[in-house]
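Residue-level structure breakdown
Below, each chain spelled out in residue letters.
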Amino acid sequence: MKKTIPLLIVIVGGLIWVVWAFSPHYVLQEVFYNQFYLPWAYASASFAMLLGVLSLTMMHSNKIKMRAPKWQYSYFFFASFVITCLAGFIGGIQKGGLFMWMFENVQMPMSATMFSLLAFYMASAAYKAFRARSPEATVLLIAAIVVMLAQVPLGVKLSKHLPTISQWILDVPNLASKRGIMLGVGLGSVATSLKILLGIERSYLGGD
Amino acid sequence: MNIFERMQKLDRRWIYIVVALAIIIPLMIPYNSDNVTTPPTENLYQMIDSFAGREDRAILMSFYHDAATMPELFPMEVAILRHCFERNVKVFTLTWFPAGAPIIDYAINTVKEEFPDIQSGVDYCNFGYKPQAFAMVLGMGDNIANTMNTDAEGRKLENLEIMRGINNYSEMNLAVEFSGSSAGGMWITYARPKYGLNVAVGVTAVMAADMYPYLQSGQLIGMLTGLKGAAEYEKLVDVFAAYRDPSRDYNIVKDEDGNPILPGRPFGREILEDESIKKLIRITTQTKAELSPEEYIAFSAKYPENRGLLNSLKKDVDGQVIIDVTQITPEMRTQMGETMYRELNRLTRNTLYKFKVARIGMNAQSVAHIMIIVFIILGNLGYFIQKYRKARNQ
């Protein structure tokens, strides 16, 4: 029973969406979707947000209680959370308020800094690990150099043909492999969805 | 340890220092460079431009990212908003991420500062953060006002002026999604086949390869790729949407038949290939308006009362008329009036920093790319010479 009911919910729920996607019938499109599903979807989204906040709070409280590694950082989470919430609720989120000021002067530069670290790792990896050890690696290396050069104004000044060659690399070999991967993923998704809808795949219920 | 062994074991901190310098120096000292525009960027520009001045057309910008990817995506968003505000294209904005909501406000405020006439609810409308993306994407295909209900400021959509003539995807016919991951996925899967919505994306450079299949199949009508895409779009806006003809009177906003006359000019490939656009796309600070004698005569004819003042400011250099706006004193400014002063300023073709961020970034990226290529070559040289020596010694 513990597994049959969830299994039935998944199968019935999944089948409803399959029928909904292929049938333009009023009951499905208007009664089910607009009148039933949409209000539920809006309501559940707020609860999902609440669940996220509760989950984070519990995780960080436990970290502090258990003195888990780097537990001190959890205090920063609580401080940031409370300050941001208060700033938003009291001062609003419009320009000129504390919330927007923190976004522009704290969150934006910090997030961008984290993202920009990629450049340093890429340069280091290019120097230390990107070797033409095999014919395949050599092709990859040459393709990378051509595409990198064609992306920037300096490269285009070197040769007017570079963008054309780079575009060919992106449009032909790159697309061939990408399409292969996407088709594989697509077929795999369809097969897995069918297995779930037919009750063959049950691993998401836990256990076997 | 010989030099090649040393090269192989170079401390990565030296590499980090070189990378930092290669990026910081071009950012601090901008130089003029030309970002050649590509078809995916041009197609998106042309699609948006085709909505210019139309009450029954609008675009939707979906900010599907947080602050981490802003350095690449934000300049695209600013460039597209600027294009829309310059050419009178209705814009709707939304985000599926709670963290995306402040980015929308920041982007709109950044551009709006330069367009005092642009109004919320009239020229643009921000839906803000909306949960349940799937439901929203499909719902808007039937009716936008019923699905979104209110904008980010809590106003009923059906009461807003911008909604006049806009019902669903038949009118809001283009969605542009900005993302550092799965951009455009839901729009391509659900809104395009079911409602015929045109979809375009702005993605970080590393995600671009994933998007090419959709671009080639026509499911995406255009794509902005990382900072390069943003730089290309900035250039197109400068050359076309923000272009001002010295001889045209921009105070006249309607023609004899009552049709709106839009500022800027429509896209043209031949214009992009013309040498004359070089003066429109400079990213270094410009203080001098450079006019041909004919353009000067046409410009001064618009302000006959200030012709004497203009004549005192102009200088003839190599057959061109040069007016240095830094020579305009506060008294002169009062005398000529704000309209003429602003137009003269426009004619210097000086671009504000916020509208050329991507192009300045591309200069840094140029140097960084060249440097990485040099690193690859040096690393491989050291590796192969060392390998050769080892083989010879055995």
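Predicted, not measured: the structure shown is a model, and the values here were computed from it.

On to the overall build of chain B. A count of helical and extended segments in chain B gives 16 helices and nine strands. Counting only C-alpha atoms and orienting by the principal axes, one finds that chain B spans roughly 90 × 60 × 35 Å. For chain B, the proportion of its 394 residues judged to be buried stands at 43%. Taking the contacts inside chain B whose residues are at least 6 apart along the sequence as the reference set, 75% of them involve residues at least 24 apart.

For the rest of this paragraph, the subject is the overall build of chain A. Secondary structure summary: chain A contains eight helices and zero strands in total. Whereas a compact globule of 208 residues would reach a radius of gyration of roughly 17 Å, chain A reaches 26 Å, over 25% beyond that. Each principal axis of the C-alpha atoms in chain A carries an extent, and together these give about 65 × 50 × 40 Å. When the 208 residues of chain A are sorted by exposure, 8% land in the buried category. Once local pairs closer than 6 in sequence are excluded, the contacts in chain A between residues at least 24 apart make up 20%.

Further remarks concern the interface of chain B and chain A. Residue-level contacts link 45 residues of chain B with 46 residues of chain A. If you list the elements that add at least two residues to the side of chain B that touches chain A, you get helix 2 (12–28), helix 4 (70–87), helix 5 (101–112), helix 6 (133–142), helix 9 (208–217) and helix 16 (357–393) of chain B. In terms of residue count, the dominant contributor to the side of chain B that touches chain A is helix 16 of chain B (15 residues). Here the side of chain B that touches chain A is composed, by residue class, of 27 nonpolar, twelve polar and six charged.

Attention now goes to the sheet that holds strand 7 (residues 288–291) of chain B. All names here are of chain B. Reading across the sheet, the three strands line up as 7-9-8 and stay open at both edges, with antiparallel pairing between neighbours. What marks the edges here is a single partner per strand, and that holds for strand 7 and strand 8 (314–317). Neighbour to neighbour, the strand axes of the sheet diverge by 30° on average, direction disregarded. Alignment of strand 7 against strand 9 (residues 320–324), held across four bridges, turns out to be antiparallel. Bridge pairing links leucine 291 to valine 321 in strand 9.

Here the domain parsing of chain A yields domain 1 (1–66), domain 2 (69–129) and domain 3 (130–201). Each of domain 1 of chain A and domain 3 of chain A was reduced to a C-alpha centroid, and the two centroids are 36 Å apart.

Residues and elements named next belong to chain B. The element strand 2 (residues 90–95) is extensively covered by neighbouring structure, given that six of its six residues are classed as buried. Side-chain alternation along strand 2 places Lys90, Phe92 and Leu94 on one buried face and Val91, Thr93 and Thr95 on a second face that is also buried. Relative to strand 2, strand 1 (residues 58–64) runs parallel, the two being bridged by five bridges. By the bridge assignment, leucine 60 is partnered in strand 2 with phenylalanine 92. Sheet analysis places strand 2 next to strand 3 (residues 124–129), joined by five bridges and oriented parallel. Bridging from a neighbouring strand, phenylalanine 92 pairs with cysteine 125 of strand 3.

Under the domain assignment, chain B is made up of domain 1 (3–28 + 355–393), domain 2 (39–241) and domain 3 (287–348). Distance between the C-alpha centres of domain 2 of chain B and domain 3 of chain B: 38 Å.

All names here are of chain B. Spatial ordering of the open sheet is given by 3-2-1-4-5-6, a layout of six strands whose pairing is parallel. The sheet is open, and its two edges are formed by strand 3 and strand 6 (222–225), each paired on a single side. Along the sheet, successive strands turn relative to each other by an average axial angle of 15°, direction set aside. Two elements, strand 5 (residues 198–203) and strand 6, share four bridges in a ladder whose sense is parallel. Its bridge partner lying in strand 6, alanine 200 is registered against glycine 222.

Before going further, it helps to spend a moment on the nonpolar core. Grouped together as the largest cluster of nonpolar side chains are 101 residues, with contacts concentrated most on B:Ile59 and B:Met211. Looking at which element gives the most residues to this core, the answer is helix 4 of chain B, with ten residues. Residues in contact with B:Met211, not counting those within four places in the same chain, are B:Ala183, B:Val201, B:Val203, B:Leu220 and B:Met223. Formed by 14 residues, the second largest nonpolar core is a distinct cluster that contains A:Ala126, B:Ile23, B:Ala364 and B:Ala368.

All right, on to unusual backbone geometry then. With the exception of glycine, the majority of residues adopt a negative phi angle, and the majority of peptide bonds are in the trans configuration. Residues and elements named next belong to chain B. Of note, aspartate 318 is a non-glycine position whose phi angle comes to about 50°, a positive value. The exposure class assigned to aspartate 318 is exposed, which follows from the 6 C-beta atoms found within 10 Å. Not every positive phi belongs to a glycine, and arginine 349 is a case in point at roughly 60°. Along the polypeptide, arginine 349 turns up in the loop between helix 15 (338–347) and helix 16. Looking at arginine 349, the number of C-beta atoms within 10 Å reads 20, which means it is buried.

What follows covers the pairing of strand 6 of chain B. Within a regular strand, the side chains alternate between the two sheet faces. The two faces of strand 6 of chain B match: B:Gly222 and B:Leu224 on one face and B:Met223 and B:Thr225 on the other face are all buried. Chirality of the crossover, the property in question, places the unit of strand 5 of chain B, helix 9 of chain B and strand 6 of chain B among those that are right-handed.

Bringing the confidence of the model for chain A into the picture now. Of all residues in chain A, 99% have pLDDT values of 70 or greater, and the mean over the chain is 89. Mean pLDDT values for the elements of chain A range from 82 in helix 6 (residues 153–158) of chain A up to 93 in helix 3 (residues 72–91) of chain A.

Further remarks concern helix 8 (residues 185–195) of chain B. All names here are of chain B. Those residues of helix 8 not exposed but buried are Met186, Trp187, Ile188, Ala191 and Arg192. In this fold, the buried residues of helix 8 make contact with helix 6, strand 4 (174–179), strand 5 and helix 9. Of the residues trailing helix 8, glycine 196 is marked for its positive phi of about 70°.

Taking 1.5 Å per residue as the helical rise, helix 2 of chain B with its 17 residues ought to reach 24 Å, and the 24 Å between its terminal C-alpha atoms agrees with that figure. Turning to helix 2 of chain B, its buried residues are B:Ile15, B:Val19, B:Ala22, B:Ile23 and B:Pro26. Along the long axis of helix 2 of chain B, the arc covered by the buried residues comes to 85°, so they all point the same way. Among the exposed residues of helix 2 of chain B, those pointing more than 90 degrees away from its buried face are B:Arg13, B:Trp14, B:Ile17, B:Leu21, B:Ile24, B:Ile25 and B:Met28. Buried residues belonging to helix 2 of chain B abut helix 4 (98–128) of chain A together with helix 16 of chain B.

The rules behind the values
- Residues numbered from 1 in each chain as written.
- Chains lettered and ligands numbered in written order.
- Predicted model: local features only at pLDDT ≥ 70, side-chain atom pairs only at ≥ 80, totals over all residues.
- Helix = DSSP H or I, 4+ residues; strand = E, 2+ residues; numbered from the N terminus.
- Buried ≥ 20, exposed ≤ 12 C-beta atoms within 10 Å, placed from the backbone.
- Contact = placed C-beta atoms within 7 Å.
- Rg over C-alpha atoms; globule rule 2.2 N^0.38 Å.
- Nonpolar A, V, L, I, M, F, W, Y, C, P; charged D, E, K, R; others polar.
- Pairing = 2+ DSSP bridges.
- Axes fitted to C-alpha atoms, helices over the stretch in contact; angles between N-to-C directions.
- Domains from an automatic or database assignment.
- Core = buried A, V, L, I, M, F, W, Y, C linked by C-beta atoms within 7 Å.
- Right-handed = clockwise from strand over helix to strand, strands pointing away.
- pLDDT = per-residue confidence, 0-100.
- Expected span 1.5 Å × (residues − 1).
- Arc of directions from axis to C-beta.

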